Amino acid sequence: MIKKVLPRITLVTMVIAIYMIFSPASAIYGPAGEVLGASFRIFYFHVPLAWVSYLAFFIVFVSSVSYLRTKEQRWDVFASSSAEIGVIFCGLVLITGPIWAKSVWGVYWLWDPQLTCALILWLLYAAYLMVRSSVQEPERKARLAAVYGIIAFIGVPLSHFSVRIWATLHPAVVRGGQIGGYPVYVLLINILAFTLLYAYLFLTKVSIEEMSEEIQHLKRQV
Amino acid sequence: MKRCLDIARKDLRSEFRTKQMLNSMLIFALLVIVIFSFAFGPYPENIDQLAPGILWVAFTFAGMLGLARSFASEKEQGCLDGLKLCPVDRSAIYMGKVMSNTVLMFIMEMITVPVFIVLFDYSISNPLELGCIIMLGTLGFVFVGTLLSALTVNVRAREILLPVILFPVIVPVIISAVLATGKILSGTNDIWAEIRILGAYGAIFFIVALLIFEYVIED
Amino acid sequence: MISINKLSKVFGDNIALRDVDLNIKKGEFITLLGPNGAGKTTLIKIMSTLMSATSGSVTIDGYDVKEEPIEVRKRIGVISHETYLYDDLTAYENLEFYGKMYEIGELDERISNVVSLAGLQHRLHDRVGTFSRGMKQRLSIARTLLHDPPILFLDEPYTGLDQHAAATFDEISSGFAEDKTTMMATHDISRGLEKCDRLLILSSGEIVFDAPKEKIRDEAHLRSIYVQHTSG
């Protein structure tokens with residue numbers, strides 16, 4: 001049931017969200033009230049992507065804890081699926097961020113706290129995938145990955161604090177544009193759309209993993 | 001608790017007999033400092049901004065060498081199995097290893113810091129604060145590093161994997177320790193924020209590591 | 001003394017142990033034969049709390065290996081083809097370390113006892129790295145006997161030993177194994193037969209043969225049984 005409905009809802013929401021991004025009403029205004037350039041609209045992708053990566057990594061954490069508690073393989077499948085999607089979304093954050101930064105600050109990369117944290121997150125979960133790929137035996141892979149999934153996520157808040165202190169040493173950064181009114185709804189719709197996209201990708205990945213597990217099982221029986 | 005001390009004593013006794021690890025850590029730390037000095041030229045303008053970073057890169061890179069060997073050396077004659085067969089809690093093994101790694105790190109740091117001070121011509125007005133930051137930073141590094149060293153011990157290409165998985169996790173330690181060291185070297189003493197982060201980091205990861213360690217060295 | 005109940009271990013696609021059931025009486029010497037990959041080491045690792053089973057249970061001297069591993073570890077000694085000894089420490093320091101781990105009282109006396117049993121008194125304060133393979137294996141016996149465990153697991157103890165060293169090992173081990181419950185996994189059919197009270201053959205994770213020694217006429221008979229049970 002959910003496997004049939006979810007892709008359709010996702011598609012519809014995505015189309016509405018993208019339409020709204022490019023509607024004139026969703027323009028973002030600068031501090032002086034002037035309309036900022038169209039490149040600012042990438043903000044509507046950037047923020048939901050960042051939100052989804054945090055969500056994905058939180059799910060890795062929860063699944064890792066559950067795996068160690070129950071040793072049920074399905075938690076490991078959840079963790080690995082969520083981590084892979086999270087790394088992709090976080091990578092997109094790191095791509096859209098500089099595009100936005102270029103039009104606001106004139107440079108691609110300023111070590112601003114949010115982007116720096118996204119970079120650390122990306123490195124953490126790329127390392128998580130490295131752990132997975134360097135162990136072959138499934139049970140041990142699941143166990144060690146779960147340990148790293150927990151360690152990685154616990155460090156995230158402290159990374160935020162330290163990066164914030166560290167970033168204040170740099171020239172003060174003003175995030176471009178103030179939003180209020182209609183753009184807020186556009187942003188919320190986009191967050192919803194991307195969350196649905198995540199859910200859809202997650203379920204697809206999990207069912208692929210389940211199928212490959214089933215194939216392995218059948219192979220064993222032959 | 002006494003068992004942890006026994007494990008640490010065994011590690012250190014074996015290490016001090018050969019001094020293999022300690023020597024390579026020391027020379028590596030000194031090399032890092034010297035190579036950075038070459039790379040930045042003899043009298044760089046912003047040395048005050050670079051120096052604390054150089055110090056902590058030296059500490060963490062040299063520490064990485066020690067951590068990588070910490071559990072790998074137990075593998076050699078199957079000693080890790082021997083240790084796991086002993087009727088002690090897994091967490092005692094972790095604590096023992098943390099102690100021996102910390103001692104090795106401290107020795108390396110006690111020799112590296114004077115060399116660093118001489119080379120970069122600093123006079124330390126408040127050695128107590130500096131010692132405190134180095135201690136907290138080292139503990140945070142060792143708590144996580146020992147756990148991840150155990151995680152990589154049975155893994156393919158562990159020498160490569162350990163740095164890759166350790167560095168992203170210790171970002172808060174490196175950032176806070178470098179900032180605080182910089183402030184101390186330049187004479188400002190407002191390092192409370194960094195101490196809080198380092199303290200919280202150490203406490204959180206120590207507890208988590210104790211809880212989680214048994215899953216890491218299960219076969 | 002030891003009871004194994006429906007024990008299974010799965011490594012991914014590979015089933016190492018399949019519903020193994022086994023009861024071992026106090027004082028029995030069991031030889032466990034089987035080709036490489038039959039699951040001998042896996043079985044011993046699970047019994048000695050080093051590895052957790054996928055399903056099933058093992059009880060040793062009334063303690064479940066999963067629930068009370070520390071109690072189990074106090075009661076077992078493991079001699080493997082790996083010595084578990086630190087090359088950079090002396091024989092004495094190695095034994096002292098393990099002795100402390102097992103919280104043995106009057107440790108010095110105990111160490112000199114087990115070392116004289118292994119015939120290594122004259123090398124007590126030499127570094128283990130300078131020992132020959134056979135001496136290391138004898139020291140490994142001393143390490144195992146330190147806490148006087150009622151149960152012994154021997155996992156391929158002859159690997160890497162030459163004929164002479166293996167004979168010495170036999171001589172020493174026959175001295176202490178009498179009152180202990182012992183399980184030995186080995187490839188060495190003649191040595192295995194000579195020492196045991198009961199023979200097991202493990203193949204593809206299942207016990208395919210289980211009989212007391214009296215049922216086996218001689219070594220040739222055992223070899224034919226072995227081939228018959230493991231070739232299929």
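For the structure itself, look to the data block above.
Read on for an overview of the structure. Everything numeric here is computed off the predicted structure, so don't read it as measured data.

### A few points about the overall build of chain B
So, point 1. Scanning chain B for helices and strands turns up 9 helices and 0 strands.
So, point 2. For chain B, the α and β elements follow one another from N to C terminus as α-α-α-α-α-α-α-α-α.
So, point 3. For 219 residues, the compact-globule estimate of 2.2 N^0.38 gives 17 Å, and chain B sits close to it at 18 Å.
So, point 4. Across chain B, contacts joining residues at least 24 apart in sequence account for 82% of those joining residues at least 6 apart.
So, point 5. Carbon and sulfur atoms provide 67% of the accessible area of chain B, an area that totals close to 8,800 Å².
So, point 6. Of the side-chain charges in chain B, 16 are positive and 18 negative, and the distance between the mean point of each set is 10 Å.

### Re the layout of surface pockets
So, point 1. Taken as a whole, the second largest pocket holds about 920 Å³ of empty space.
So, point 2. Lining the second largest pocket are 26 residues, and of these A:Trp166, B:Gly53, B:Ile174, B:Ile175 and B:Val178 sit closest to its centre.
So, point 3. Put simply, the parts of the chain that give the lining of the second largest pocket at least two residues each are helix H4 (113-134) of chain A together with helix H3 (47-75), helix H7 (158-169) and helix H8 (171-185) of chain B.
So, point 4. Here the element with the most residues in the lining of the second largest pocket is H3(B); it accounts for 8 residues.
So, point 5. Classifying every residue of the lining of the second largest pocket gives 17 nonpolar, 7 polar and 2 charged.

### Re the packing of helix H3 (residues 73-105) of chain A against helix H6 (residues 182-221) of chain A
Residues and elements named next belong to chain A.
So, point 1. Interhelical geometry of H3 versus H6 gives an angle of 135° and a closest axis separation of 9 Å. Compared by their axis directions, H3 and H6 come out oblique. As H3 runs across H6, the sense of the crossing is right-handed. Between H3 and H6, the residues in contact are Gln73, Val77, Phe78, Ser81, Ser82, Glu84, Ile85 and Phe89 and Phe194, Leu197, Tyr198, Leu201, Phe202, Lys205, Val206, Glu209 and Glu213, respectively.

### As for the sheet that holds strand E6 (residues 76-80) of chain C
Residues and elements named next belong to chain C.
So, point 1. One open sheet holds the 6 strands; their spatial order is E6-E7-E8-E3-E9-E10, and the pairing between them is mixed. Here the strands that pair on one side only, and so sit at the sheet edges, are E6 and strand E10 (206-212). Looking at each pair of strands side by side, their axes are set apart by 15° on average, direction ignored.
So, point 2. The strands touched by helix H1 (residues 40-47) are strand E3 (29-33), E6, strand E7 (151-155), strand E8 (181-185) and strand E9 (198-203); relative to E7, the strand with the most contacts, the crossing angle is about 150°.
So, point 3. Across the face of the sheet, helix H5 (residues 133-145) comes into contact with E6 and E7 while running at roughly 170° to E6.

Scoring rules and cut-offs
- Residues numbered from 1 in each chain as written.
- Chains lettered and ligands numbered in written order.
- Predicted model: local features only at pLDDT ≥ 70, side-chain atom pairs only at ≥ 80, totals over all residues.
- Heavy atoms only, no water.
- Helix = DSSP H or I, 4+ residues; strand = E, 2+ residues; numbered from the N terminus.
- Rg over C-alpha atoms; globule rule 2.2 N^0.38 Å.
- Contact = heavy atoms within 4.5 Å.
- Areas by Shrake-Rupley, 256 points an atom, 1.4 Å probe, with all protein chains shown as cover.
- Lys, Arg positive; Asp, Glu negative; His and termini not counted.
- Charge placed at Lys NZ, Arg CZ, Asp CG, Glu CD.
- 1 Å grid on protein atoms, 1.4 Å probe; cavity = no way out; pocket = protein on both sides within 12 Å on 5 of 7 lines; lining within 4 Å.
- Points joined across faces, edges and corners; volume = space filled by probe spheres on them.
- Nonpolar A, V, L, I, M, F, W, Y, C, P; charged D, E, K, R; others polar.
- Axes fitted to C-alpha atoms, helices over the stretch in contact; angles between N-to-C directions.
- Parallel < 35°, antiparallel > 145°, perpendicular 65-115°, else oblique.
- Left-handed = near helix turned anticlockwise from the far one by under 90°.
- Pairing = 2+ DSSP bridges.

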